[in-house]
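What follows is the residue order along each chain.
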Amino acid sequence: MSKPQFESFGSQKATPAQVPAPPVAAEAPAAVMASSAAGVEAVLEATNENLAAMPAEAIKALPVAEKAPVKLNWKERLVAKKLEKKMQGTYSLKRASATGTSKTIPLLSLVFGGLGLLMLLLSIIPGLAILFGIAGLVLGIVGLGEVRKGKAPRSSKFMALLGLIFGAGVIVLLLAAVIFIAAFGFA
């Protein structure tokens, strides 16, 4: 097999000894420095002329410099971890809000806590009111945990917090009523 011969666009065969040296920055014409657009065009023309006269054997692949791993100090590592958690939380919040089922627990917390408080204040079946209050409290805690972990959207945090407050209010009011009755009698 014979070695392929590469020729330039001109009629002459170029050898490495005949290849002109690329222009040095000191030899650059004044037109190159005049404006950035003219400078870019002049550099491109000079590069194309030099490459056209250069044989393929003379063109070498440039070595790729690999970056050494950078050692971060403790502050930079802390910031990187926070940014990574924020990015993961953003993704999981978008995913959770897209499903639409993740708002269920905070909504149930609000409903049970509010219903328990309403039943207690209107004196409608206090025994059932305490059950609704406990359910609102527990579901509020679970709902806030889901929001914090990114399983529920941030918009449901307010509902979970209100359910938790209403449920705790039912329990506190009912316990205050029981203590008051025990201390002063039922009459």
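Residues numbered from 1 in each chain as written. Predicted model: local features only at pLDDT ≥ 70, side-chain atom pairs only at ≥ 80, totals over all residues. Heavy atoms only, no water.

## A look at the overall build of the chain
Then, number 1: Tallying secondary structure elements over the chain gives 6 helices and 0 strands in all.
Then, number 2: Ordering the α and β elements of the chain from the N terminus gives α-α-α-α-α-α.
Then, number 3: For the chain, the residues scored as buried account for 20% of the 187 residues in total.
Then, number 4: Relative to all contacts within the chain whose residues are 6 or more apart in sequence, the contacts with residues 24 or more apart total 72%. (Helix = DSSP H or I, 4+ residues; strand = E, 2+ residues; numbered from the N terminus. Buried < 20%, exposed > 50% of the residue type's maximum accessible area, 1.4 Å probe, protein only. Contact = heavy atoms within 4.5 Å.)

## Concerning the nonpolar core
Then, number 1: Counting 7 residues, the largest nonpolar core is built from L117, M119, L120, A129, F132, V170 and L174.
Then, number 2: Taken together, the elements giving at least two residues each to this core come down to α4 (104–121), α5 (126–149) and α6 (157–184).
Then, number 3: Sort the elements by how many residues they give to this core and α4 lands first, with 3 residues.
Then, number 4: The residues touching L120, leaving out its near neighbours within four places in the chain, are A129, V170, L173 and L174. (Core = buried A, V, L, I, M, F, W, Y, C linked by side-chain atoms within 4.5 Å.)

## Quick look at a nonpolar patch on the surface
Then, number 1: A cluster of nonpolar side chains, namely L115, L118, L122, I124, I125, L128 and L131, defines an oily patch on the protein surface of about 630 Å² accessible area.
Then, number 2: Where the nonpolar patch is concerned, the elements lending two or more residues are α4 and α5.
Then, number 3: Within the fold, I125 resides in the loop between α4 and α5. (Patch = residues over 30% accessible without salt bridge, like charges linked within 9 Å, V, L, I, M, F, W, Y side chains within 5 Å. Areas by Shrake-Rupley, 256 points an atom, 1.4 Å probe, with all protein chains shown as cover. Salt bridge = Lys/Arg side-chain N within 4 Å of Asp/Glu carboxyl O.)

## Points about the packing of aromatic side chains
Then, number 1: Going through the model one piece at a time under the given rule, you end up with 2 aromatic pairs.
Then, number 2: On the numbers, 5.5 Å between centres and 10 degrees between planes, the contact of F112 with F132 is stacked. Of this pair, F112 sits in helix α4 while F132 is found in helix α5, placing the two residues 20 residues apart along the sequence.
Then, number 3: Ring geometry for F180 versus F184: centroids 5.1 Å apart, planes at 55 degrees, classification tilted. (Phe/Tyr/Trp six-rings, centres within 6.5 Å; stacked < 30°, edge-to-face > 60°.)

## Quick word on the side chain of E146
Then, number 1: Structurally, the position occupied by E146 is in helix α5.
Then, number 2: Non-local contacts of E146, meaning those with residues more than four positions away in its chain, are made with S102, I105, K151 and A152.

## Quick look at the packing of α5 against α6
Then, number 1: With their axes 7 Å apart at the nearest point, α5 and α6 run at an angle of 145 degrees to one another. The hand of the α5/α6 crossing is left-handed. Here P126, A129, I130, G133, I134, G136, L137, G140, I141, G143, L144 and V147 of α5 lie close against α6, whose contacting residues are K157, A160, L161, G163, L164, G167, A168, V170, I171 and L174. (Axes fitted to C-alpha atoms, helices over the stretch in contact; angles between N-to-C directions. Left-handed = near helix turned anticlockwise from the far one by under 90°.)

## A word on α4
Then, number 1: Taking 1.5 Å of rise per residue, the 18 residues of α4 would be expected to cover 26 Å, and the 26 Å separating its terminal C-alpha atoms lies within 8% of that figure.
Then, number 2: Considering only its buried residues, α4 is in contact with α5 and α6.
Then, number 3: Once α4 finishes, S123 follows within two positions and takes phi at roughly 55 degrees, a positive value. (Expected span 1.5 Å × (residues − 1).)

## Re α5
Then, number 1: When the terminal C-alpha atoms of α5 are compared, their 35 Å separation across 24 residues agrees well with the 34 Å that a helix rising 1.5 Å per residue should span.
Then, number 2: Looking at α5, one finds that the buried residues are A129, F132, G133, G136, L139, G140, G143, G145, E146 and V147.
Then, number 3: Tucked into the core, α5 has its buried residues touching α4 and α6.
Then, number 4: Backbone geometry just downstream of α5 places G150 in the positive-phi region, at approximately 90 degrees.

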